[in-house]
Number of protein chains: 4
Amino acid sequence: MIKAGIIGATGYAGAELVRLLMTHPEAEISAISSVSFEGKPISEIYPAYYSLNDMICENADDVVAKSDVIFAALPHGLSQELAKTCHEKDKIFIDLGADFRLENEDDYKEWYGGEYTDKELHKNSVYALPEFFRKNIVGKKTIANPGCYTTGVPLAIGPAVAKGLVETKGIIADCKSGATGAGRGLSQNTHFTELNESFHPYKVACHRHTPEIEQTLSHLAGKPVKITFVPHLLPVNRGILSTVYASLKDGVTKEQIRAAYHEFYDSEYFVRLLPDGQIADIHNIKYSNFGDVSLHIDTRTNTLVAVSAIDNMVKGAAGQAIQNMNIVFGLDEKTGLEIIPPAF
Amino acid sequence: MIKAGIIGATGYAGAELVRLLMTHPEAEISAISSVSFEGKPISEIYPAYYSLNDMICENADDVVAKSDVIFAALPHGLSQELAKTCHEKDKIFIDLGADFRLENEDDYKEWYGGEYTDKELHKNSVYALPEFFRKNIVGKKTIANPGCYTTGVPLAIGPAVAKGLVETKGIIADCKSGATGAGRGLSQNTHFTELNESFHPYKVACHRHTPEIEQTLSHLAGKPVKITFVPHLLPVNRGILSTVYASLKDGVTKEQIRAAYHEFYDSEYFVRLLPDGQIADIHNIKYSNFGDVSLHIDTRTNTLVAVSAIDNMVKGAAGQAIQNMNIVFGLDEKTGLEIIPPAF
Amino acid sequence: MIKAGIIGATGYAGAELVRLLMTHPEAEISAISSVSFEGKPISEIYPAYYSLNDMICENADDVVAKSDVIFAALPHGLSQELAKTCHEKDKIFIDLGADFRLENEDDYKEWYGGEYTDKELHKNSVYALPEFFRKNIVGKKTIANPGCYTTGVPLAIGPAVAKGLVETKGIIADCKSGATGAGRGLSQNTHFTELNESFHPYKVACHRHTPEIEQTLSHLAGKPVKITFVPHLLPVNRGILSTVYASLKDGVTKEQIRAAYHEFYDSEYFVRLLPDGQIADIHNIKYSNFGDVSLHIDTRTNTLVAVSAIDNMVKGAAGQAIQNMNIVFGLDEKTGLEIIPPAF
Amino acid sequence: MIKAGIIGATGYAGAELVRLLMTHPEAEISAISSVSFEGKPISEIYPAYYSLNDMICENADDVVAKSDVIFAALPHGLSQELAKTCHEKDKIFIDLGADFRLENEDDYKEWYGGEYTDKELHKNSVYALPEFFRKNIVGKKTIANPGCYTTGVPLAIGPAVAKGLVETKGIIADCKSGATGAGRGLSQNTHFTELNESFHPYKVACHRHTPEIEQTLSHLAGKPVKITFVPHLLPVNRGILSTVYASLKDGVTKEQIRAAYHEFYDSEYFVRLLPDGQIADIHNIKYSNFGDVSLHIDTRTNTLVAVSAIDNMVKGAAGQAIQNMNIVFGLDEKTGLEIIPPAF
């Protein structure tokens, strides 16, 4: 059994890792940590786990010591040192934060205001969105797990960009996220009475996931891509729906579009390319690691409307992190992740 | 007192007209009708009105006979004959349906599959979105009240289009509507357990409001405009948020954009142009006739992101219809509509 | 015009007072105060009011100085001194907090842990639930506005208790409140993701509203009444539904029960006794000052099940406070409160 | 592998059986049927299952022929003949409907209006609420799976009744159910806009689950028990919270109460008796087969308030049915049901 430790286990991504790892047949949770709740059982913070997992939160050092693989779900800026420690102890480090996601340090400086303290470590890390970069992940020890929007948007538009079927200029990603994306921390924005029966965009065209999405799309396009990205906050718990708009290149047909997506996704267990006429809906992937993708053409304006739906806490965070663990440890990628999304 | 009659009073738009007209100081409800519930009190269908309005639903003829102004909230295709009758009896007809909204009969044929039975009547009708076409409304007797999305999208992007500050090619309207937009009729899509904790687009790039939005924007631009319009269904009762994207013309500044919107909206009671840094939210206009508009510039891609929030049942239907009644009858436009949106 | 001031205007009850007073035809808001937001416009905290009410929050002294009637929506313990000041300046004081609600100081000590600093003032104050104690209110200057549950439960069971039709021993009040009842302050309990798709009781059999409900029922019964009161938190914004169970006395008929309620409520504008077969629902009274009451008999166990629905922020707080203002100032009780509850 | 067939697979209980059986390690779905959707894939009705289970709905005969165990999720009245067929073919029949739940045919006649067509078969069937009647289930072939409320209420109050610690007269069960309890069929009551932001009781003191709950409590008490049962409809998808009130017998202590519940539940995997001070919440058992129980004493009125939370579709329907299958087939009871409830 793989010994898996979780640092930052009482945040939402950490708690979701706990849920998923508890039923993983090839891994066991070796230790968990929390700065805010050290010494307390995780089930006190999340009573859903009562009697099923009453592990006591320890500190980060304990987790590192007891684990083969360390998942870190921390605010940005706190992972770099931890990654270094893990690297020195020859342990796998899977970072659910942003510290290793951006290849260009200047982007990190601009959007997060920090620096890369160990450039060598960054060079040896990998941006681990398996559906597009799987082969890079194998053999790596410092794994940057993608963010939620940054998984959803490329799943929607990636194949069209990679195959050169759409203009890379003018791509619009209009995304809508459930409230778990804002985490466990309290804020007026996520106070029940203010979010319920409410809907609005936030961080319009200035969200930190912008450069990360662009990095992925640029790799797929083979040239720099800039997008307009506007996230919105949905009054639901889970799920991100990304509606992505791109101009079709002249002469590109619907059939070519579908063929490109089939080529990318037919062998991907976690991506369900929906049949023509179906529409992606967060309702259908909740609590699972699946990403549903539907394709629509506006023939009046020659625009591709590509829609993806993922569970932001699973495919957008903890589930994808376990998918990456499976890859790194040479397991079948879907091990522990064959969750049937509930129908309602 | 203006005698106001409502045909189709038991649908959602009709029921909202009832609510708003009950407190209108210059109008009284003269009669209401319903095909499905003829002979029953409206308060049996909507117990919220119990003891406050227990009027019995009559038939359409009764309503016409007893009223100075007739509001019709009917499925498309049923208003034309009614409009003619009202015209012959010299009564004001305010249509909340689509039969008189499209100036070009070919558009009506294409999107609704019907014909204009009395072309003269159509010619004398008016598309009544007061904030843009107020002066056309005065003196008219056949009033086409705009649809919900078709109010929200122009409120967001209209001034930029009218002032020529954005490219009219490539405009994207990504809209999200509360469930009242789907009406009182039952459907699997609006079954609680399927809409709750759900979110998805529908009628992607093929919704009937497309030509109506384009008609308004084309008038404002002074040339034909085509847009990509994708509506989504929100798990909330009320509100439409429209996020509209348009490429800024070269050299256009944020200041020019704001100036254009101020010019359009500073004298409009029902449009609240939000200060820089604020973001429109359906939470803030619920149950009222206000439309909030916020402006955002993506300087990285030179894109205007204009956002509007309206209550789809009020500014998007019944409230705007009463606003139009006020105009036609020479009343202060806000009579009966000075509702303070609840803070939560 | 009555000059009405609001102390604690940025809490939910205060903000709701602002909303309702803005359209009151005989009162105007003279000043508002907030400790947390002094110097800021109320519309910054509640953008729903933007451009409609941008009054600046002052301090409590300013409010007292500028007003004929002072509404206080403060945490318990803070109203007594304020009440005294108002009394000395011969101004009407309407307290939305608990400091003047309990006639027995021992109850206040036990449940709130405080003392009555000016016993004379307490003696001259009045517990102002108009439907039961209207005649006591006239001429009073220190008005204790009832709490939310403490309005809903008596509306449901009061007439049966007053007429001696049910056993006063064994009354169960199972109440369910929307999240606005918990106020604007942040808590894990009212974090969107934790309250959404959730439901649970809280403060089981130990909520502070217990002695207040018992005080009202004891007055109506003419003897001491003790009840079991269990509140629950609903994932909705507004509304309290109270399901109250009481054993029918031997031989009491359904007709006697209905007659008792008719006697109490037929002349009450704000209480709607629903016809036999109808069921009270918070859906039907939202945003209004109405309380709906429905009556049900379990003939198998000879139990009366009386159900009431009120909007906790209106009839359960701000609306009732204005109703009390109207009484004290000799206005028609429904002035400014004739709000039609929306049908959806 | 056990061959498990589902009749009525496209209703909510049937669809939930599909979800749970898909990951059961000792069973496989042999066939599914649906009257409304015969010939169509289940994933067309429930797109959450797309690509994971695209089985075609057959008819009931096919299901019986292909299966060792037949689950029936049908409207009442339709199971009796099916049960007989299964009995004759020596197959296990697990009925999620009501036809075999009531031991007394007169109760069935009174509450469901039908008759027992094969009295012998009824005599040999078993009411299968494992936590109370496990030993009766072993060896039986016609299994009556309890309803949702009828699982939740006994889990809350059963031990106190069984141990004679509370008065059996005057028990009140105030229950609140999520909307999945109303099934997939459309109704105005479960139309999104009418249930959302709504809350009300229904079938007050006349719900068909009443005699079933009483049957269980009577068995536990060893004498006839009558209760007052009032269900309410919650605007959430899943979960039933039951707040059950019973008068403590004189001298009964809190310790005796807890001891009784520990005796019943310490060996029950699926019942989590919460520590003193914790409160049961539907949030914590969603999508799982767990039932959480919390105990509270109102010392002022000497009343036990026992609260249980279950997922109405799992422990209240499909999960319990699989638990019963496991018992009948001699498997570990929790096989296939070790689902960790999500924390949010």
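For the structure itself, look to the data block above.
Caption draft 1: Region of interest: the overall build of chain A. Secondary structure assignment for chain A yields 12 helices and 14 strands. For chain A, whose C-alpha radius of gyration is 19 Å, the value lies close to the compact-globule estimate of 20 Å for 344 residues. Considering only C-alpha atoms, chain A reaches an extent of 60 × 45 × 40 Å along its principal axes. Put simply, chain A has 344 residues, and 67% of those count as buried. Put simply, of all contacts in chain A between residues at least 6 apart along the chain, 70% involve residues at least 24 apart. Of the accessible surface of chain A, which amounts to about 11,100 Å², a share of 48% is contributed by carbon and sulfur atoms. Where the 32 positive side-chain charges of chain A centre and where its 43 negative ones centre are 2 Å apart.

Caption draft 2: Geometry of the pattern of salt bridges. Under the definition given, this model contains 81 salt bridges over all chains. For the salt bridge of Lys40 of chain C with Glu44 of chain C, the shortest nitrogen-to-oxygen distance reads 3.8 Å. Overall, the relative accessible area of 37% leaves Lys40 of chain C in the partly exposed class. Measuring nitrogen to oxygen at the nearest pair gives 2.8 Å for the salt bridge that ties Arg238 of chain D to Glu16 of chain D. Residue Arg238 of chain D is located in the loop between strand E10 (227-233) and strand E11 (240-247), and its partner Glu16 of chain D is located in helix H1 (residues 12-21); the two are separated by 222 residues in the primary sequence.

Caption draft 3: A look at the interface of chain B and chain A. On the side of chain A, 47 residues touch chain B, which itself brings 47 residues to the contact. Contact between chain B and chain A buries roughly 3,500 Å² in total, counting both sides, with carbon and sulfur atoms accounting for 61%. Across the contact surface, chain B and chain A share four salt bridges. At the junction of chain B with chain A, the criterion picks out 24 residue pairs in polar contact (both at pLDDT 80 or more). With five residues, the single largest contributor to the side of chain B that touches chain A is strand E10 (residues 227-233) of chain B. When the residues that make up the side of chain B that touches chain A are grouped by side-chain class, the tally is 22 nonpolar, 13 polar and 12 charged.

Caption draft 4: A look at the interface of chain B and chain C. Taken together, the contact between chain B and chain C spans 35 residues of the former and 35 residues of the latter. The contact between chain B and chain C buries some 2,900 Å² in all, and 67% of this surface belongs to carbon and sulfur atoms. The tally of links from chain B across to chain C stands at zero salt bridges. Here chain B is connected to chain C by nine residue pairs in polar contact (both at pLDDT 80 or more). For the side of chain B that touches chain C, the elements supplying multiple residues, two or more each, are helix H1 (12-21) and strand E12 (271-273) of chain B. In terms of residue count, H1 of chain B provides more of the side of chain B that touches chain C than any other element does, four residues in total.

Caption draft 5: Layout of helix H5 (residues 105-112) of chain B. Residues and elements named next belong to chain B. All of the buried residues along H5 are Glu105, Tyr108, Trp111 and Tyr112. Looking straight down H5, one finds that the buried residues subtend no more than 140° of arc, so they occupy a single side. If you follow the buried residues of H5, they end up packed against helix H4 (79-88), helix H6 (119-124) and helix H10 (209-221). Between the side-chain oxygen of the N-cap and the backbone nitrogen of Asp106 there are 2.8 Å, and the N-cap of H5 in question is Asn104. Two residues or fewer after H5 comes Gly113, characterised by a positive phi angle close to 75°.

Caption draft 6: Broad picture of the packing of helix H8 (residues 149-162) of chain C against helix H10 (residues 209-221) of chain C. All names here are of chain C. Two elements in contact, H8 and H10, have axes whose closest approach is 9 Å; the angle formed by their N-to-C orientations is 25°. When the axes of H8 and H10 are compared, the pair comes out roughly parallel. Crossing handedness for the pair H8 and H10: right-handed. Along its contact with H8, which presents Tyr149, Thr150, Val153, Pro154, Ile157, Gly158, Val161 and Ala162, the element H10 presents His209, Glu212, Ile213, Thr216, Leu217, Leu220 and Ala221.

Caption draft 7: Layout of the pairing of strand E8 (residues 171-177) of chain A. Residue and element names in this part refer to chain A. Extensive coverage of E8 is indicated by the burial of seven of its seven residues. Side chains Ile171, Ala173, Cys175 and Ser177 project from E8 onto one buried face, and the interleaved Ile172, Asp174 and Lys176 project onto a second face that is buried too. Judged from the seven bridges that link them, E8 and strand E10 (residues 227-233) form a sheet pairing that is parallel. Within the sheet, the bridge partner assigned to Asp174 lies in E10 and is Val230.

Caption draft 8: Geometry of the packing of H1 of chain B against helix H12 (residues 314-328) of chain B. Residue and element names in this part refer to chain B. Where H1 contacts H12, the two axes come as close as 9 Å, and the packing angle between them is 50°. By the angle class used here, H1 and H12 are oblique. Crossing of H1 over H12 shows right-handed handedness. Touching Ala13, Glu16, Leu17, Arg19, Leu20 and Leu21 of H1 are Val314, Ala317, Ala318, Gly319, Ala321, Ile322 and Met325, all from H12. For the contact of H1 with H12, the class distribution of residues is 10 nonpolar, one polar and two charged.

Caption draft 9: Geometry of the relation of the copies chain B and chain A. When chain B is fitted onto chain A, the two copies agree to an RMSD of 0.0 Å after a turn of 180° and an axial shift of 0.0 Å. Such a turn and shift between the copies fits a two-fold axis.

Caption draft 10: Highlighting the sheet that holds strand E13 (residues 291-298) of chain B. All names here are of chain B. Pairing is mixed in the open sheet, where seven strands are placed in the order E9-E10-E8-E11-E14-E13-E12. Two strands close off the open sheet at either side, each with one partner strand: strand E9 (200-201) and E12. The sheet contact formed by E12 and E13 spans three bridges and is parallel. Residue pairing across strands places Arg272 opposite Asp292, the latter belonging to E13. Across the sheet, helix H8 (residues 149-162) lies against strand E8 (171-177), E10, strand E11 (240-247), E12, E13 and strand E14 (303-310), angled at about 145° from E14, the strand it touches most. Lying on the sheet, helix H11 (residues 254-265) is in contact with E12, E13 and E14; it crosses E13 at an angle near 165°.

Caption draft 11: Quick look at unusual backbone geometry. Here Asp90 of chain B, not a glycine, exhibits a phi torsion of approximately 60°, which is positive. Looking at the secondary structure, you find Asp90 of chain B in the loop between H4 and strand E5 (92-95). One non-glycine residue with positive phi stands out, namely Asn302 of chain C, at about 60°. Examined against the element boundaries, Asn302 of chain C turns out to sit in the loop between strand E13 (291-298) and strand E14 (303-310).

The rules behind each value
- Residues numbered from 1 in each chain as written.
- Chains lettered and ligands numbered in written order.
- Predicted model: local features only at pLDDT ≥ 70, side-chain atom pairs only at ≥ 80, totals over all residues.
- Heavy atoms only, no water.
- Helix = DSSP H or I, 4+ residues; strand = E, 2+ residues; numbered from the N terminus.
- Rg over C-alpha atoms; globule rule 2.2 N^0.38 Å.
- Buried < 20%, exposed > 50% of the residue type's maximum accessible area, 1.4 Å probe, protein only.
- Contact = heavy atoms within 4.5 Å.
- Areas by Shrake-Rupley, 256 points an atom, 1.4 Å probe, with all protein chains shown as cover.
- Lys, Arg positive; Asp, Glu negative; His and termini not counted.
- Charge placed at Lys NZ, Arg CZ, Asp CG, Glu CD.
- Salt bridge = Lys/Arg side-chain N within 4 Å of Asp/Glu carboxyl O.
- Buried area = accessible area lost by both parts, 1.4 Å probe.
- Polar contact = N/O pair within 3.5 Å; in protein donor to acceptor, adjacent residues only side chain to side chain.
- Nonpolar A, V, L, I, M, F, W, Y, C, P; charged D, E, K, R; others polar.
- Arc of directions from axis to C-beta.
- Axes fitted to C-alpha atoms, helices over the stretch in contact; angles between N-to-C directions.
- Parallel < 35°, antiparallel > 145°, perpendicular 65-115°, else oblique.
- Left-handed = near helix turned anticlockwise from the far one by under 90°.
- Pairing = 2+ DSSP bridges.
- Least-squares fit on C-alpha atoms with pLDDT ≥ 70 in both.

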